[in-house]
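# Breakdown of the fold
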Amino acid sequence: MYVKALERPKSLFGEFDRKPGDHLTTHYCPGCGHGNLHKYIAEAIDQLGIQNRTILVNPVGCSVFAYYYFDVGNVQAPHGRAPAAATGVKRALPDSIVISYQGYGALAAIGGNEILHAASRGENISVFFVNNAIYGMTGGQMAPTTLLGQRTSTSPTGRAIDREGFPLRVSELLATLEGPTYIERVALYDSKSRMRARKAIKKALQNQVEERGFSLVEVLSPCPTGWGMTPGDSCAWISDHLVRTFPLGVIKDLSAERHGWTRRRRTVAVEEIPGILGRLRNRADAPLGSFDPGGIPARYRNARVKIAGFGGQGVLFLGKLLAEVGIAEGFHVSWLPSYGPEMRGGTANCHVNISRTPVGSPLVSDPSVLIALNRPSLDKFEREVVAGGVIIYDSSLIDVPPTRQDVEIVAIPVTEIADRIGSPKVANMVALGAFMGVTQLLGREPIARVIKRMTKKEALLDLNLQAVEAGAGFVGALHADLWAV
Ligand SMILES: Cc1ncc(C[n+]2csc(CCOP(=O)(O)OP(=O)(O)O)c2C)c(N)n1
Ligand code: SF4
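Strands in a sheet are paired, the pairing made by backbone hydrogen bonds, and the direction either parallel or antiparallel. Taken in spatial order, the six strands make up an open sheet running β11-β12-β10-β13-β14-β15, and their pairing is mixed. Only two strands of the sheet have a single partner each, and these edge strands are β11 (332-339) and β15 (408-412). Strand-to-strand, the axes of this sheet are offset by a mean angle of 15 degrees, without reference to chain direction. Two strands pair when backbone bridges link them, and strand β10 (residues 303-310) and strand β12 (residues 347-355) are joined in this way by eight bridges, in the antiparallel orientation. Looking at the pairing, isoleucine 307 lines up with cysteine 350 of β12.

Okay, here's the thing in structure tokens:
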């Protein structure tokens, strides 16, 4: 009689589809630690009963093909970006159990920033990372964790402090942050250390199931190929050398005191959906301020506006103001600034969407309205305007008018009007008035309200309001049928 003591965990496939003609072997080298680690993770998934809600974020590195072996949900992240991808998956599917699996090159070198911030945010994910002190997949190059004196393909005479600096202890570094809940370093070199690793892996997953927050297990793992050793010597090298620089044990553990650590989206009950859709529809149909929506020329109802000029002309403020008024009027809006490195005198432009339907992208690459306040801006953006759109430009600064025949052209001496009112600073408000008059999109009353709220200098308030009226009045004279002041 025999007792079956070892069984393949259900969360690992029995056969692998990776290579035609070979369904039974993995791609790992003999004696590699990745295989053990896969098995322990799969066992823990089985024991916790979470196979059907586990999503493994696969890295780039030796374990890039992990999705051939794990019978769970799988996502492939670019090199080093697994914690960011895991964050996205977990936020989108808070009930899933998300594993970020990485080598140390991915985690401590190119992805150092990703792991730092995922840990600092305390994402409720489980991170398993394999420290084999080199870059395995690409040929055994030096990694941040390479030991002092260790020879690798890129440190053939041994890692030296004066050339390559010290090995990086990421686990200790992360443990200084408030975000992480549980961090432990384990190893795979004998049966005792493997048992310890098993327990730590299960704990990291259990923490996530119980919503205890960010858990990370660092695994000192043999890489016979990269180290140029036999599997047996690799295990001995871990216990004799690697653990001296990377001591084993629990580095941080707040598991007992943390819970409810998942960021939950508000779930919507099925019966709520008609009400929500009704609200959205009403919003899109809502009367627009003091204006009859029928009065807005159809081409401006989902206005895509680009405003451009010199830095210091108030281009960005004008865009912000349009967006704020749009919000006050119940539109969907976005505002995206773009400016050069100079604080003054450089170029500046901004993209504004004021739309009756949700805005897909804040980028306005095909404006229906261009407000150009200097010549370089007109030269640069004139050709972007959609046919049937409008170009409003400052004719006091731009002496060469636009050449487009398929758009409406509104020349308005913005700077001159502002000077006459009393300050060149209010040129942007003159342009706002022109926009208001031409598009009929935003009401005078909400504009005045938002200007009052956003004008910091009391002395400028009256000038701003006058400037808007003057701009609107100027184009009103041109568009008497649309705007009467
Ligand atoms: C953005 C990017 N940079 C570099 C690479 C090349 N690259 C692939 S795997 C790898 C190193 C992997 O080492 P590690 O993360 O330690 O995993 P291991 O292979 O040791 O398991 C590198 C540098 C890449 N694929 N993508
Ligand atoms: S190179 Fe090293 S880490 Fe990669 S599969 Fe081979 S033994 Fe494993």
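Our focus in this paragraph is the sheet that holds strand β7 (residues 182-187). The sheet built from seven strands is open, its strands ordered β2-β1-β3-β4-β8-β7-β9 with mixed pairing. If you trace the sheet from one side to the other, it starts and ends with β2 (73-76) and β9 (249-253), each paired once. Across this sheet, the average inter-strand angle for adjacent strands is 15 degrees, counted without regard to direction. With six bridges connecting them, strand β4 (residues 126-131) and strand β8 (residues 215-220) associate as parallel partners. Counted as the bridge partner of phenylalanine 128 is valine 217 from β8.

Time to look at the site of ligand 2. What surrounds ligand 2 is the set Tyr28, Cys29, Cys32, His34, Cys62, Asn132, Cys223, Pro224 and Thr225. Taken together, the residues of the shell around ligand 2 break down into six nonpolar, three polar and no charged.

In the structure shown here, the tally under the stated rule is eight aromatic pairs. When the centroid spacing of 4.8 Å and the interplanar angle of 80 degrees are considered together, the rings of phenylalanine 16 and tyrosine 69 count as edge-to-face. You can see phenylalanine 16 sitting in the segment before α1 (33-48) and its partner tyrosine 69 sitting in the loop between β1 (54-58) and β2, a full 53 residues away along the chain. For tyrosine 69, a relative accessible area of 2% corresponds to the buried category. Arranged with centres 6.3 Å apart and planes meeting at 85 degrees, the rings of phenylalanine 65 and tyrosine 67 form a pair that is edge-to-face. On the basis of relative accessibility, which here comes to 29%, the residue tyrosine 67 falls in the partly exposed class. An aromatic cluster is defined as three or more aromatic residues linked by ring pairs; in this entry it consists of Phe16, Tyr28 and Tyr69. When the ring centre of tyrosine 182 is taken as origin, the NZ or CZ atom of lysine 203, which lies over that ring, is 4.8 Å away.

Per the counting criterion, the structure on display carries 19 salt bridges. A salt bridge links arginine 375 to aspartate 379; the shortest N-O distance between them is 3.7 Å. Placement of the pair is arginine 375 and aspartate 379 together in helix α12 (residues 375-381), with a separation of four residues, close to one helical turn. For glutamate 416, the salt bridge is made with arginine 420, and the minimal N-O distance between the two is 3.0 Å. Highlighted residues: glutamate 416 and arginine 420, both in helix α13 (residues 414-421), separated by four residues, approximately one helical turn. Taken together, the salt bridges that share partners define one network made up of Arg91, Arg121 and Glu123.

Attention now moves to the domain arrangement of the chain. Each assigned domain of the chain is listed here: domain 1 (34-257) and domain 2 (289-475). On a C-alpha basis, the centroid separation for the pair domain 1 and domain 2 is 52 Å.

This part covers unusual backbone geometry. One non-glycine residue, alanine 133, adopts positive backbone phi at about 65 degrees. Considering the arrangement of structural elements, one finds alanine 133 in the loop between β4 and β5 (134-135). Overall, alanine 133 belongs to the buried group, its relative accessible area being 0%.

A few words on the packing of helix α11 (residues 315-328) against helix α14 (residues 427-439). One way to put it is that α11 packs onto α14 with a least axis distance of 9 Å and a crossing angle of 40 degrees. The angle between the axes of α11 and α14 places the two elements in the oblique class. The way α11 lies across α14 gives a crossing that is right-handed. Here Phe317, Leu318, Leu321 and Leu322 of α11 come into contact with α14, specifically with Asn428, Met429, Ala431, Leu432 and Phe435. When grouped by side-chain class, the residues that make up the contact of α11 with α14 number eight nonpolar, one polar and no charged.

What follows concerns the packing of α11 against helix α15 (residues 444-454). Where α11 meets α15, the axes come as close as 9 Å, and the angle between the chain directions of the two elements is 125 degrees. By the angle class used here, α11 and α15 are oblique. Between α11 and α15 the crossing geometry is right-handed. Residues Phe317, Lys320, Leu321, Glu324, Val325 and Ala328 of α11 form the contact with α15, whose participating residues are Pro446, Ile447, Arg449, Val450, Ile451, Arg453 and Met454. Grouping the amino acids of the contact of α11 with α15 by side-chain chemistry returns nine nonpolar, no polar and four charged.

Quick notes on the rules
- Residues numbered from 1 in each chain as written.
- Chains lettered and ligands numbered in written order.
- Predicted model: local features only at pLDDT ≥ 70, side-chain atom pairs only at ≥ 80, totals over all residues.
- Heavy atoms only, no water.
- Pairing = 2+ DSSP bridges.
- Helix = DSSP H or I, 4+ residues; strand = E, 2+ residues; numbered from the N terminus.
- Axes fitted to C-alpha atoms, helices over the stretch in contact; angles between N-to-C directions.
- Near = heavy atom within 4 Å.
- Nonpolar A, V, L, I, M, F, W, Y, C, P; charged D, E, K, R; others polar.
- Phe/Tyr/Trp six-rings, centres within 6.5 Å; stacked < 30°, edge-to-face > 60°.
- Buried < 20%, exposed > 50% of the residue type's maximum accessible area, 1.4 Å probe, protein only.
- Lys NZ or Arg CZ within 6 Å of the ring centre and 35° of its normal.
- Salt bridge = Lys/Arg side-chain N within 4 Å of Asp/Glu carboxyl O.
- Domains from an automatic or database assignment.
- Parallel < 35°, antiparallel > 145°, perpendicular 65-115°, else oblique.
- Left-handed = near helix turned anticlockwise from the far one by under 90°.
- Contact = heavy atoms within 4.5 Å.

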